[in-house]
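Now for the letters of each chain:
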Amino acid sequence: GETATATPTPAPRQVAAPGSIRAESLQGDLAQQFAKHYFELDVNDTSTSVEITLAFDPQDQPNVDNGFNVYVYTSDQFRTLVREGLTPNSAANTAAGSLTTEGGAKVFRATINSPFKVYTVIVANDSVVPVSYTLTVSNGVLVDASGQTNTIQATTPTATTPTTSSGQEGAGAEVPGV
């Protein structure tokens, strides 16, 4: 006789992308050396320049000033980076952040004067110092499709439990006649 064997059923996939967010500003942490976050940049108006600002903390670490940055790639440039196994700071790019000061704080700023519609943005930490950052774009939207940033958790709706001050705790919680 034949014996039926149970075949495990794969868990159903979620329909919505679990943590995909579109925002003009994203916050994240890169704690490990050579850690990277990858984002899509969708440009709003290709007749106007795009400015990307990368604010970061800590501000007092020369290793971060020299080993942390933001890089912007066209799809062709990004494919070349991946195909040739290049690091973000060695690959040809459309723009990379330049260290400057804004409101008394150091930031990296990159500008694309004649933008295409879509870019890949990489925030890379080659330093040994853990870095927290805020990536902001003007004339565009950043897309974190894989939940890399803290912005995801901050904007995910959380269930709220209504509280009542009626003093009747447990009222109506009984299950009749089980």
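Residues numbered from 1 in each chain as written. Predicted model: local features only at pLDDT ≥ 70, side-chain atom pairs only at ≥ 80, totals over all residues. Heavy atoms only, no water.

Next up on the list: the sheet that holds strand β9 (residues 118–125). One key point about sheets: their strands pair by backbone hydrogen bonds, in either a parallel or an antiparallel sense. As summarised here, the arrangement of the six strands in space is β1-β11-β3-β9-β5-β6, forming an open sheet in which the pairing is antiparallel. The sheet is open, and its two edges are formed by β1 (21–23) and β6 (95–96), each paired on a single side. Relative to β6, strand β5 (residues 68–73) runs antiparallel, the two sharing two bridges. Along β6, the bridge assignment pairs V72 with A95. Here helix α2 (residues 75–84) sits on the sheet in contact with β3 (35–43), β5 and β9, set at roughly 120 degrees to β5. (Pairing = 2+ DSSP bridges. Helix = DSSP H or I, 4+ residues; strand = E, 2+ residues; numbered from the N terminus. Contact = heavy atoms within 4.5 Å. Axes fitted to C-alpha atoms, helices over the stretch in contact; angles between N-to-C directions.)

Moving on: the sheet that holds strand β8 (residues 105–112). Across the sheet, which stays open at both edges, the five strands sit in the order β2-β10-β4-β8-β7 with antiparallel pairing between neighbours. Single-partner strands in this sheet number two, and they are β2 (25–30) and β7 (98–102). Each adjacent strand pair in this sheet contributes to an overall mean axis angle of 30 degrees, direction not counted. Direction of pairing for β7 relative to β8: antiparallel, over a ladder of five bridges. Looking across to β8, one finds that T100 is bridged to V107.

When a protein is soluble and globular, its nonpolar side chains tend to lie buried together. Ranked by size, the top nonpolar core spans 29 residues in total, and within it L41, I52, F68, V123 and L135 carry the most contacts. At the level of elements, β1, β2, β3, β4 (50–57), β5, β8, β9 and β10 (131–138) are the ones that each hand at least two residues to this core. Setting aside chain neighbours within four positions, we find F68 in contact with L30, L54, F56, N63, F108, V123, A124, N125, V131 and Y133. If you look at the next biggest cluster of nonpolar residues, it comprises six residues, including Y71, Y73, I122 and A124. (Core = buried A, V, L, I, M, F, W, Y, C linked by side-chain atoms within 4.5 Å. Buried < 20%, exposed > 50% of the residue type's maximum accessible area, 1.4 Å probe, protein only.)

Only one face of β2 is covered, namely the face carrying L26, G28 and L30; the face carrying S25, Q27 and D29 is uncovered. Bridge analysis of β2 against β10 gives six bridges, and the strand direction is antiparallel. Paired with Q27 across the bridge in β10 is T134.

This brings us to the pattern of salt bridges. Using the criterion set out here, one finds five salt bridges in the structure. As a salt-bridge pair, D76 and R79 come within 2.3 Å of each other at their nearest N and O atoms. Taken together, the residues span about one helical turn, with D76 and R79 both in helix α2 at a distance of three residues. Linking E102 and R109 is a salt bridge whose minimum nitrogen-to-oxygen distance equals 2.0 Å. Salt bridges here are not isolated pairs; linked through shared partners, they connect E51, E102 and R109. (Salt bridge = Lys/Arg side-chain N within 4 Å of Asp/Glu carboxyl O.)

Bringing the confidence of the model for the chain into the picture now. Predicted confidence across the chain gives a mean pLDDT of 84, with 74% of residues reaching 70 or more. A low-confidence stretch, residues 11–16 (pLDDT under 50), is modelled with zero contacts involving residues beyond four sequence positions or located in other chains. Across residues 154–174, confidence stays below pLDDT 50; counting only partners more than four residues off in sequence or on other chains, it has one contact. (pLDDT = per-residue confidence, 0-100.)

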